[in-house]
Amino acid sequence: MSYLSLIINPGSTSTKIGVFEDETLLFDETLRHSTEEIAKYDSIIAQKDFRKDIIVNFLKEKNFDINSLNLIVGRGGLLKPIPSGTYEVTDALLEDLKTGVQGQHASNLGGILAREIADIIGVPAYIVDPVVVDELSPLARISGVPELPRISIFHALNQKAVARRYAKEIGKKYEDLNLIVVHLGGGVSVGPHKNGKVIDIFNALDGGSAMSPERAGAVPAGSLIKMCFSGKYTEKEVYKKIVGNGGFNAHLSCNDMRDVEKMVESGDEHARVVRDAFIFQLAKDIGAMAAVLEGKVDQIIVTGGIAHDEIVVGGLKKYCEWIAPFTVYPGEDELLALAQGGLRVIKGEEKASVY
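So, a few notes on the structure that sits alongside this text. All of these numbers come straight from a predicted model, not from anything done at the bench.

1. A word on the pattern of salt bridges
This model, assessed by the stated rule, comprises 18 salt bridges. Linking Lys-80 and Asp-96 is a salt bridge whose minimum nitrogen-to-oxygen distance equals 3.5 Å. You can see Lys-80 sitting in the loop between β4 (71-75) and β5 (86-88) and its partner Asp-96 sitting in helix α3 (residues 91-99), a full 16 residues away along the chain. Taking the relative accessible area as the measure of exposure, Asp-96 reaches 11% and is therefore buried. Note that Arg-272 and Asp-276 form a salt bridge whose closest N and O atoms lie 2.8 Å from each other.

2. Here we look at the layout of surface pockets
In this structure, the second largest pocket occupies an estimated 840 Å³ of space. For the second largest pocket, the lining is made up of 36 residues, of which Ala-161, Arg-164, Arg-165, Gln-340 and Arg-344 are closest to its centre. Listing elements by their share of the lining of the second largest pocket, those giving two or more residues are α6 (156-169), β11 (326-330) and α13 (334-346). Element by element, the count of residues in the lining of the second largest pocket is highest for α6, at nine residues. Of the residues assigned to the lining of the second largest pocket, the class counts are twelve nonpolar, seven polar and 17 charged.

3. As for unusual backbone geometry
In this model, Asp-22 sits at a positive phi of 55 degrees, which is unusual for a non-glycine residue. Position of Asp-22 among the secondary structure elements: in the loop between β2 (14-21) and β3 (24-32). Here the phi dihedral of Glu-294 falls at roughly 60 degrees; this positive angle occurs in a residue that is not glycine. You can see Glu-294 is positioned in the loop between α11 (269-292) and β10 (299-304). For Glu-294, a relative accessible area of 58% corresponds to the exposed category.

4. Points about the packing of aromatic side chains
Two measures describe an aromatic ring pair: the distance that separates the ring centres and the angle between the ring planes. Following the criterion strictly, the structure yields five aromatic pairs and no others. Taking 5.8 Å as the distance between ring centres and 75 degrees as the angle between the ring planes, the aromatic pair formed by Phe-27 and Phe-64 counts as edge-to-face. Linking Phe-27 in strand β3 with Phe-64 in the loop between α2 (48-61) and β4, this pair joins segments that are 37 residues apart in sequence. Three or more aromatic residues link up through ring pairs in this structure, and these residues are Phe-27, Phe-58 and Phe-64. Here Lys-62 stacks its cationic end above the ring of Phe-27, 4.8 Å away from the centre of that ring.

5. As for the packing of α3 against helix α4 (residues 108-121)
At a closest axis distance of 9 Å, the pairing of α3 and α4 adopts a crossing angle of 135 degrees. Relative to α4, the element α3 lies oblique. Judged by the twist between their axes, the crossing of α3 over α4 is left-handed. When α3 is examined against α4, the residues Asp-91, Leu-94, Leu-97 and Lys-98 are found in contact with a partner set consisting of Asn-108, Gly-111, Ile-112 and Arg-115.

6. Quick notes on α2
Counted at 1.5 Å a residue, the expected span for α2 with its 14 residues is 20 Å, and the 20 Å between its end C-alpha atoms agrees. When α2 is considered as a whole, its buried residues turn out to be Lys-48, Phe-50, Arg-51, Lys-52, Ile-55, Val-56, Phe-58 and Leu-59.

7. Side note on the sheet that holds β3
Taken together, the six strands give an open sheet; going across it, the order is β3-β2-β1-β4-β6-β5, and neighbouring strands pair in mixed fashion. The open sheet has two edge strands, β3 and β5, and neither has a second partner. The sheet shows a mean angle of 25 degrees between the axes of neighbouring strands, taken without regard to direction.

Rules and cut-offs
- Residues numbered from 1 in each chain as written.
- Predicted model: local features only at pLDDT ≥ 70, side-chain atom pairs only at ≥ 80, totals over all residues.
- Heavy atoms only, no water.
- Salt bridge = Lys/Arg side-chain N within 4 Å of Asp/Glu carboxyl O.
- Helix = DSSP H or I, 4+ residues; strand = E, 2+ residues; numbered from the N terminus.
- Buried < 20%, exposed > 50% of the residue type's maximum accessible area, 1.4 Å probe, protein only.
- 1 Å grid on protein atoms, 1.4 Å probe; cavity = no way out; pocket = protein on both sides within 12 Å on 5 of 7 lines; lining within 4 Å.
- Points joined across faces, edges and corners; volume = space filled by probe spheres on them.
- Nonpolar A, V, L, I, M, F, W, Y, C, P; charged D, E, K, R; others polar.
- Phe/Tyr/Trp six-rings, centres within 6.5 Å; stacked < 30°, edge-to-face > 60°.
- Lys NZ or Arg CZ within 6 Å of the ring centre and 35° of its normal.
- Axes fitted to C-alpha atoms, helices over the stretch in contact; angles between N-to-C directions.
- Parallel < 35°, antiparallel > 145°, perpendicular 65-115°, else oblique.
- Left-handed = near helix turned anticlockwise from the far one by under 90°.
- Contact = heavy atoms within 4.5 Å.
- Expected span 1.5 Å × (residues − 1).
- Pairing = 2+ DSSP bridges.

As structure tokens, then:
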């Protein structure tokens with residue numbers, strides 16, 4: 001028996017959807033929302049009905065009968081820290097998505113929209129590996145300030161998906177491997193996967209990792225404190241320097257690696273130094289995670305949009321290929337990863353996790 005699934009991945013100004021038959025994509029669409037449309041709503045949760053209507057109307061235009069669906073899967077949001085897995089959107093999970101227990105983000109709408117549409121047709125709704133997946137070892141949680149424990153926020157969905165893909169391709173179980181997965185996108189994350197769990201991570205959102213196109217990554221703490229109390233910036237302005245206007249945006253006024261490479265090719269020496277520093281910082285993160293795995297690394301996997309950049313990947317190999325061989329999966333396929341998570345549950349390959 002095959003299963004039809006609707007996948008919903010909301011972003012700040014778009015809602016990407018896909019319809020799958022098992023793992024085969026039948027069609028997908030990025031439903032874009034103008035700034036003017038989004039501005040009508042004073043909160044992310046207030047956009048719920050607007051986005052749901054757009055999804056349902058689009059499927060009607062495609063002459064697709066939503067009653068033929070067997071399951072609906074949404075991108076997970078900023079929930080409480082949870083282990084990796086596929087979670088049924090229960091009332092408790094739904095409530096925490098609505099209230100935003102760790103913050104408001106468009107991804108919170110994924111599970112909410114999935115549940116609302118699923119309830120209409122009487123099928124289960126799931127989320128899969130949200131960014132708050134937390135499998136850290138006790139040692140990884142400790143920082144030098146007890147009030148500031150290290151927390152797990154990273155690209156769990158894509159990291160887990162490519163790790164499972166690699167394991168399947170070599171005929172082994174994900175749980176039997178030690179992997180370092182490097183996600184390179186608007187944010188970056190480097191995760192040590194030990195026997196199916198990501199036991200450490202540098203916070204990929206607001207500090208800890210290498211810089212990225214839009215994020216500052218780890219910065220000197222003392223200097224940051226002085227900046228905060230300089231009187232020159234509001235809290236919001238300082239945070240924007242760390243998340244949104246950090247990294248390439250701060251140094252080069254762009255957030256696209258392709259544009260950075262064009263700058264380098266045109267002879268821009270500062271752009272070259274920034275790009276090479278990015279590679280250097282990532283290599284240090286990989287080395288740190290190799291130590292976490294006690295040097296027992298089966299494979300280093302590089303994924304995300306910047307994995308298309310041969311210079312970046314080549315630079316990482318130069319620094320780190322002595323640790324383990326590299327496998328590169330350029331880009332990311334979050335829709336497929338979400339579909340696969342739902343399928344594993346509905347086919348009985350794994351049980352749905354309880355939030």
